[in-house]
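# Per-entry structural report
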Amino acid sequence: LKFFTFFFFLFDFIVNFNKAFYSSGQLVMVRRKIARHYLKTWLVPDLLLLLLDFVLILLGVVSAAAQDSPILRLFSACRMLKVLRVNRLFRFMDRLMTLALSLGVRFMIQICGFVFVTLLVNHSLCCLWWVVGEHGPTDTGLRWIDLFSTTQQETELFYMYMTALHWTVAQMTLGATEVMPTNSTERMFTVFMLTTALIFGSTLIS
């Protein structure tokens, strides 16, 4: 599956250098202008994601012991950047809906899409908060995840995920939660989340 996705997006990367685009109502088909347009939009994110996939495949092939290495876990966490590709899919679907669907149906689909993206973003941030609590450096010897671990292993995974998700939603909505940062790394991540939520909320209201 890793090889399939890598070669699929590699093919997509090459095709984008030959994909015409509209500019001011005019269809641009000159390859030099297409390449310049791609460079200004999605070339850098696509290239970084391709390199990320290549490194993950290489580490997995070279050594089975690398599966548990911190480097591989770091690169695996960075794969959440692939959510950038979802934005491209949404833009394409929006153009199709504009041509084929009524205003009311498009409005309902956009609401569902907004809810889906909100859940996806919160899920990604929830996983990052979990990684910070599990593997992040600590200068106090404490981690938030240690304070909420359960003794029942079969329920711990779901409980910890919901605890992390609760914390993430609370930060994004400026709500309340009993989960508190216990070291400088967790506190820096909390400050980042609160700042992001403040900017997002101000933009949404305005």
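No experiment lies behind these values; they were computed from the predicted model shown.

### Some points on the packing of aromatic side chains
Summed over the entire model, instances satisfying the criterion amount to 9 aromatic pairs. Between Phe13 and Phe17 the ring centres are 5.5 Å apart and the planes differ by 85°, which places this aromatic pair in the edge-to-face class. In this structure Phe17 comes out as partly exposed when scored by relative accessible area, which is 26%. Ring geometry for Trp167 and Phe189: centres 6.0 Å apart, planes at 20°, overall stacked. With Trp167 in helix H8 (residues 153–172) and Phe189 in helix H9 (residues 184–205), the pair connects residues that are 22 residues apart, well separated along the chain. By way of ring pairs, the aromatic residues Trp129, Trp144, Phe148, Trp167, Phe189 and Phe192 are connected into one cluster.

### Side note on the side chain of Thr182
Here Thr182 is to be found in the loop between H8 and H9. A residue is classified by how much of its surface remains accessible, and Thr182, at 15% relative accessible area, is buried. Ignoring any residue separated from it by four or fewer positions in sequence, one finds Thr182 in contact with Thr140, Leu142, Arg143, Trp144 and Leu147.

### Quick word on the nonpolar core
Nonpolar side chains in soluble globular proteins tend to be buried together. Trp129, Trp144, Met160, Trp167, Val179, Phe189 and Met193 are the most contacted members of the largest nonpolar core, which has 17 residues in total. Contributing elements (two or more residues each) for this core: helix H6 (103–135), helix H7 (144–147), H8 and H9. Contact partners of Phe189, with chain neighbours within four places excluded, come to Leu125, Leu128, Trp129, Val132 and Trp167. The next biggest cluster of nonpolar side chains, apart from the first, holds 7 residues, and it includes Phe13, Tyr38, Trp42 and Leu43.

Conventions we followed
Residue positions are given per chain, counting from 1 as you read along its sequence in written order. Restriction of local features to residues with pLDDT of at least 70 applies here, the model being predicted, together with a cutoff of 80 or more for giving and counting side-chain atom pairs; totals for whole chains, interfaces and linings are based on all residues. Only hydrogens and water are removed before side-chain values are computed, so all heavy atoms of the structure are retained for them. Centres within 6.5 Å make a pair out of two Phe, Tyr or Trp rings, where for Trp the six-membered ring is used; the pair is then stacked when the planes are under 30 degrees apart, edge-to-face when over 60, and tilted otherwise. Type-normalised accessible area, obtained with a 1.4 Å probe on protein chains alone, sets the label of each residue: buried when under 20%, exposed when over 50%, and partly exposed for intermediate values. Secondary structure counts use DSSP, requiring at least four H or I residues in a row for a helix and at least two E residues in a row for a strand, with both numbered from the N terminus. Any two residues having at least one pair of non-hydrogen atoms within 4.5 Å are treated as being in contact. To qualify as a nonpolar core, a set must consist of buried Ala, Val, Leu, Ile, Met, Phe, Trp, Tyr and Cys residues joined through side-chain atoms within 4.5 Å.

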